[in-house]
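Topology and contacts: notes
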Amino acid sequence: MNFKDIPAHENVKRQLRDMVADGRVPHALLLHGPAGSGKFMLARVFAQYLHCEHPTSDGEPCGTCPACIQHQTFNHVDTLFVYPVVKTEKLKEPVSDDYIEEFRDFITSSPYMDFDKWASSFEKKNAQPIIYVYESAGLERRLAVSATASKYKIVIMWLPEKMNEQAANKLLKLIEEPYPGTIFILVSNDASAILPTIKSRCRPVEVTRLDDATVAEYLTRRLAMDPQDAMASAHIAGGDINAALRTVDATSVSRMFFDYFVQLMRLAYQRDVKGLKQWSADITSMGREQEVKFYEY
Ligand SMILES: [Zn+2]
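What this report covers is the structure whose coordinates are included nearby.

What counts and how
- In this convention, every chain numbers its residues from 1, walking through the sequence in written order.
- Confidence filtering applies because this is a predicted model: local features only for residues at pLDDT of at least 70, side-chain atom pairs given and counted only at 80 or more, and all residues used for totals across whole chains, interfaces and linings.
- Excluding hydrogens and water, the side-chain figures rest on all heavy atoms present in the structure.
- We call two strands paired when DSSP finds no fewer than two bridges between them.
- Per the convention used, a helix needs a DSSP run of H or I reaching at least four residues, while a strand needs a run of E reaching at least two, with both numbered from the N terminus.
- Each axis is a line fitted through C-alpha atoms, taken for helices only over the stretch in contact, and angles between the N-to-C directions span 0 to 180 degrees.
- Summary of the burial criterion: residues with accessible area below 20% of their type's maximum are buried, those above 50% are exposed, and those between are partly exposed, where the area comes from a 1.4 Å probe applied to protein chains only.
- Orient the strands so they point away from the viewer, and a crossover whose first-strand-to-second-strand path over the helix runs clockwise is right-handed.

Turning next to the sheet that holds strand E4 (residues 182-188). One open sheet holds the five strands; their spatial order is E2-E3-E4-E1-E5, and the pairing between them is parallel. Strands with a single pairing partner mark the edges of an open sheet, and in this sheet they are strand E2 (79-82) and strand E5 (203-206). Looking at each pair of strands side by side, their axes are set apart by 20° on average, direction ignored. One ladder, built from five bridges, connects strand E1 (residues 28-32) with E4; its direction is parallel. Residue pairing for E4: Ala-28 is matched across the bridge by Phe-184.

Structure follows, in structure tokens:
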């Protein structure tokens, strides 16, 4: 993925490129703005851009050097991801790496980072993922070793507002006295909920909500939706791509259930027992398919 693949946010892309061009990349950056606007993709492409061996003259990562390939396959050795996770019976001191496979699937299927979808991907019901203090020891250990193949070691932290206090205090130390060549990119949906001492040490970059036309265009392209329907969903979503996807899903599900309801009434009226049995079997299997489909966006 390149900057140009991320819809809108041209001013943010320009600010990020300028930091590199001017040699003023801060050691802690805070990308903040409403959920579902694409901040995490901006963070990922920026990290790739920083690591790229041959960035293009128009300010994009080249996409072909070893660093770019590693980034694109979510395997860059000097890029660490920190994100909220949950405790379980087996995992009493969870860290992000314990869920790395699940996270990789999640960012692929939900590039706009739908937190509710992430929370519901855990086996534990009503899970409230947070960033625990256990994260800090491993992070410190990995940052103490200098970058293997790159100029920078980059930590991308998704939702710093989900850190518990202990974790926040440990992170503060890492940000206050950074290891040389370390860059933190914090990606927040709610900057007001971040510990002020952490926030004050980060360079803030505001990412604004997407306008309705951008959301609608995304829906049309991604889901082959009718442009008018896409615009209607975009209006309801208020700039949040994830909210827009949920509206579309709800609309298509309710339409489908209405069709099934009409069919049921018809079968009942005709006293078609065989047909009713088949209807029931269809509904059962459809429930399972819908469940799968919902997680495939
Ligand atoms: Zn490259």
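After that view of the structure, there is still more to cover.
Moving on, we get to the pairing of strand E3 (residues 153-158). The buried fraction of E3 amounts to six of the six residues, a majority that puts the element mostly inside the structure. Burial along E3 is two-sided: the face carrying Lys-153, Val-155 and Met-157 and the face carrying Ile-154, Ile-156 and Trp-158 are both buried. Where E2 lies against E3, four bridges are found, and the strand directions are parallel. What sits directly across from Phe-81, in E3, is Ile-156. In terms of handedness, the path from E3 via helix H7 (residues 165-176) over to E4 forms a crossover that is right-handed.

By themselves, these observations are geometric and do not establish any function.
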